[in-house]
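# Observations on the model geometry
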Amino acid sequence: MKRDYYEVLGVSRTASDEELKKAYRRCAMKHHPDRNPGDAQAEALFKECKEAYEVLSDPARRRAYDAHGHVAFEHGMGGGGPAPDMGDIFGDIFGTIFGGAGQRAARRGADIGYVMELDLEEAVAGIEKRIEIPTLAECHHCRGSGSEDGKIDTCGTCLGRGQVRFQRGIFTMQQTCPDCGGRGQSISNPCKHCHGAGRIEDEKILSVKIPAGVDSGDRIRLQGEGEAGPPGTPPGDLYVEVRVREHAIFRRDGDDLHCEVPIRISQAALGDVVNVPTLDGEAEIRIPAETQTGKVFRLRGKGVRSVRSRAPGDLYCRVVVETPVNLTAEQRELLEKFEATFTGEEGRRHSPRSATFLDGVKSFWDRMTSS
């Protein structure tokens, strides 16, 4: 016994045409033979929902079914009227499954990527650079038409649509025209320079303005400077990606800069004023007496001015106490006398970290020997 057509599609008897169409799409996709190969039950359900939609999508046949049920068609009471255009429905379904097959998508030239390496100073200050890129450019001989004599005909295979339809069993399928590649046009006398493609391999020289403050990973888009598209379509874009080289002095962290500043033992112990480099000249930092290695000094506004907010970052200077080398006899003698003053409890007072470390070592060995 046949099931109720509304029950087959899972809709109410007052369902609109759009609701019927959506219900049929869901049912057809769920039970489609291509999705359920070798499944006889799925094939039967697919035919059932197809039959239900054929009746309910036609106003005259739907009225007959609502009045008399299945018997209306068993006794020829269903009335005339053409069957619905199942090709359009299946086109919608396959478009959903396969990402829009059957629809002629707008085309354009390919985008190009280019990596530009910059010194830190160039990235911070901004710069204009000329670059040379290999690309597909519009053929100057045929002006991108692909035709030697400028004559372009409509493709005889797809009749200018760019797509061809063919039957596969009960289904109507669409694909890109194999003769014109989707252009919808044919050229009887191709250009001798580009062989009908409308594009040729070329090298393009461009001047690129890099704004101040860019950092590695930033991209600059140059619209229309990518590869030329097929005849009648716009070119792609050029994306210039910035990579900043490592610097001999500074390490960049966002808009902040970091550097190490070596100082002598005497400067760390007695204190001093030292000059440090910045991106716009020198600056002074005051080293207080008894400064330990690793102490960081912050210079506000001496970092990188952000390309987005234009607010400057800071410069962080980490001092490193440097051990003197290549000592003269006099220097060695002075240091030996200086070292001789660090004895007993008096010496512990001048080297608090060393004293703490030695106490920790002694405690460690005491625990090891007593266990």
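Residues numbered from 1 in each chain as written. Predicted model: local features only at pLDDT ≥ 70, side-chain atom pairs only at ≥ 80, totals over all residues. Heavy atoms only, no water.

We now examine the sheet that holds strand β1 (residues 112-118). Read across the sheet, three strands follow the order β1-β9-β8 without closing on themselves; strand pairing throughout is mixed. Each of the sheet's edge strands pairs with one partner strand only, and the pair in question is β1 and β8 (219-222). The average undirected angle you get between the axes of adjacent strands in this sheet is 25°. The sheet contact formed by β1 and strand β9 (residues 238-244) spans seven bridges and is parallel. Across the sheet, the residue bridging to V115 is E241, located in β9. (Pairing = 2+ DSSP bridges. Helix = DSSP H or I, 4+ residues; strand = E, 2+ residues; numbered from the N terminus. Axes fitted to C-alpha atoms, helices over the stretch in contact; angles between N-to-C directions.)

Examined against the element boundaries, S306 turns out to sit in the loop between β14 (296-299) and β15 (315-322). For S306, a relative accessible area of 7% gives the class buried. For S306, the side chain forms a polar contact with the main-chain nitrogen of R308, separated by 3.1 Å. What S306 contacts, discounting residues up to four positions off in sequence, is D255 and A311. (Buried < 20%, exposed > 50% of the residue type's maximum accessible area, 1.4 Å probe, protein only. Polar contact = N/O pair within 3.5 Å; in protein donor to acceptor, adjacent residues only side chain to side chain. Contact = heavy atoms within 4.5 Å.)

Following the criterion strictly, the structure yields three aromatic pairs and no others. Between Y6 and Y65 the ring centres are 6.2 Å apart and the planes differ by 45°, which places this aromatic pair in the tilted class. You can see Y6 sitting in helix α1 (residues 5-9) and its partner Y65 sitting in helix α4 (residues 59-68), a full 59 residues away along the chain. Side by side, Y6 and Y65 carry an identical accessibility label, which is buried. The ring of F297 has K295 lying over it, and the distance from NZ or CZ to the ring centre is 5.5 Å. (Phe/Tyr/Trp six-rings, centres within 6.5 Å; stacked < 30°, edge-to-face > 60°. Lys NZ or Arg CZ within 6 Å of the ring centre and 35° of its normal.)

What the rule picks out here adds up to 20 salt bridges. Across the pair E51 and K2 runs a salt bridge whose closest N-O atoms are separated by 2.8 Å. Of this pair, E51 sits in helix α3 (residues 40-56) while K2 sits in the segment before α1, placing them 49 residues apart in sequence. What makes E51 partly exposed here is its relative accessible area of 28%. (Salt bridge = Lys/Arg side-chain N within 4 Å of Asp/Glu carboxyl O.)

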